[in-house]
Amino acid sequence: ADTGDPVGARDEWEMTLRLAPAHVGARLGLAFLAYQAGAWDEAEAHLRAARAHAPEDAGVATALAHVRAARRA
C-alpha cells in the first residue's frame, strides 16, 4: 500500500491471512485499504478480527475508533 499498489498489497495481506489467520498486521493492512475506499463495514470487520487476536493492542483500538468515527461523519 505504501508503494501505491493497493491491489498488490491486498493480495499479499490476504495470502498472509490464509497462512496465518491471526496475523494482526495483515488485518490492519486490509482495514486500512477498506478505510481508504470508504468501506466502513469491511474495515471494522478486519479490525474486530484483529482485536480478537490482540485485545490489548492500542493501535487496533485506535484504528477501530477512527473507523467508527468516520462512519458517523
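Here the structure is a predicted model, which is why all the values come from computation and not from measurement. (Residues numbered from 1 in each chain as written. Predicted model: local features only at pLDDT ≥ 70, side-chain atom pairs only at ≥ 80, totals over all residues. Heavy atoms only, no water.)

### Regarding the packing of aromatic side chains
Note the following rule: Ring pairs shown here join Phe, Tyr and Trp side chains whose ring centres sit within 6.5 Å, with only the six-membered ring taken for Trp; geometry is labelled stacked below 30 degrees between planes, edge-to-face above 60, and tilted in between. Using a 1.4 Å probe on the protein chains alone, a residue whose accessible area is under 20% of its type maximum counts as buried, one over 50% counts as exposed, and one in between counts as partly exposed.
Applying the stated criterion to the full structure yields 1 aromatic pair. Both rings, one in tyrosine 35 and one in tryptophan 40, keep their centres 5.4 Å apart while their planes meet at 65°; by these two values the pair is edge-to-face. A relative accessible area of 27% means that tryptophan 40 is categorised as partly exposed.

### Focus: the confidence of the model for the protein
Spelled out, the test is: Note on scores: pLDDT gives the predictor's confidence for each residue, bounded by 0 and 100. Going along the chain from the N terminus, every DSSP run of H or I of four or more residues is numbered as a helix, and every run of E of two or more is numbered as a strand.
For the protein, per-residue confidence averages 94 on the pLDDT scale, and residues scoring 70 or more make up 100% of the total. Looking over the protein, one finds the lowest element-wise mean pLDDT in helix α4 (residues 58-72), namely 94, and the highest in helix α3 (residues 40-53), namely 97.

### Some remarks on the environment of glycine 29
Mapping glycine 29 onto the fold places it in helix α2 (residues 24-36). Using a relative accessible area of 6% as the deciding quantity, one classes glycine 29 as buried. C-alpha separation for the pair glycine 29 and alanine 1, spaced 28 residues apart in sequence, amounts to 8.0 Å.

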